[in-house]
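# Fold and contact review
The primary structure of each chain is shown beneath.
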Amino acid sequence: MDVEINGRHIQVAEGHTTLGQLLAAEGFNGIGQAVAVHNRVVPKVEWENFPLTEGMKITVIRAICGG
């Protein structure tokens, strides 16, 4: 299945069927991060049960500190 994360198209490996599994496989640990699917924020508590679908557009936003 093909999905998009931050504008990058990737093929989802077999066995990664939820948003949480995909994010973990792509190195996103959830700390200081927000995730939106098709421009709708998905609360972190829902990531592990949020099913992936073909063509899903995922945006991951990372909070950073600075001045």
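Overview of the structure. (Residues numbered from 1 in each chain as written. Predicted model: local features only at pLDDT ≥ 70, side-chain atom pairs only at ≥ 80, totals over all residues. Heavy atoms only, no water.)

## Brief notes about the overall build of the protein
- Summing up its helical and strand segments, the protein has 1 helix and 5 strands in all.
- Across the protein, helices and strands are ordered from the amino to the carboxyl terminus as β-β-α-β-β-β.
- Taken over C-alpha atoms, the radius of gyration comes to 12 Å for the protein, in line with the 11 Å a tight globule of 67 residues would show.
- Its C-alpha atoms give the protein principal-axis dimensions of about 40 × 25 × 20 Å.
- Only carbon and sulfur atoms are counted for the fraction: they give 54% of the accessible area of the protein, which is about 4,500 Å².
- Positive and negative side-chain charges of the protein, numbering 5 and 7 respectively, have mean locations separated by a distance of 9 Å. (Helix = DSSP H or I, 4+ residues; strand = E, 2+ residues; numbered from the N terminus. Rg over C-alpha atoms; globule rule 2.2 N^0.38 Å. Areas by Shrake-Rupley, 256 points an atom, 1.4 Å probe, with all protein chains shown as cover. Lys, Arg positive; Asp, Glu negative; His and termini not counted. Charge placed at Lys NZ, Arg CZ, Asp CG, Glu CD.)

## A closer look at the pairing of strand β1 (residues 2-5)
- Relative to strand β2 (residues 8-11), β1 runs antiparallel, the two sharing 4 bridges. For E4, the partnering residue across the bridge sits in β2 and is H9.
- Here β1 folds back onto β2, and the loop between the two strands holds 2 residues, one of which, N6, carries a positive phi near 50 degrees.
- Here β1 pairs with strand β5 (residues 57-62) via 2 bridges, running parallel. Residue pairing across strands places I5 opposite I58, the latter belonging to β5. (Pairing = 2+ DSSP bridges.)

## Observations concerning the nonpolar core
- Ranked by internal contacts, the top residues of the largest apolar core, which has 16 residues, are I5, L19, L22, L23, V35, I58 and V60.
- Contributing elements (two or more residues each) for this core: β1, α1 (19-25), β3 (33-37) and β5.
- Per-element tally for this core: the top contributor is α1, with 3 residues.
- Not counting residues up to four positions away in its chain, the partners in contact with I5 are I10, L22, E26, F28, I58 and V60. (Core = buried A, V, L, I, M, F, W, Y, C linked by side-chain atoms within 4.5 Å. Buried < 20%, exposed > 50% of the residue type's maximum accessible area, 1.4 Å probe, protein only. Contact = heavy atoms within 4.5 Å.)

## Re the sheet that holds β2
- With mixed pairing, 5 strands are arranged side by side in an open sheet as β2-β1-β5-β3-β4. Every interior strand has two partners, whereas the edge strands, β2 and β4 (40-42), have only one. Between one strand axis and the next, the sheet turns by 35 degrees as a mean value, whatever way the strands run.
- When β3 meets β5, the two strands line up antiparallel, connected through 5 bridges. Among the inter-strand pairings, V37 is bridged to a residue of β5, identified as I58. (Axes fitted to C-alpha atoms, helices over the stretch in contact; angles between N-to-C directions.)

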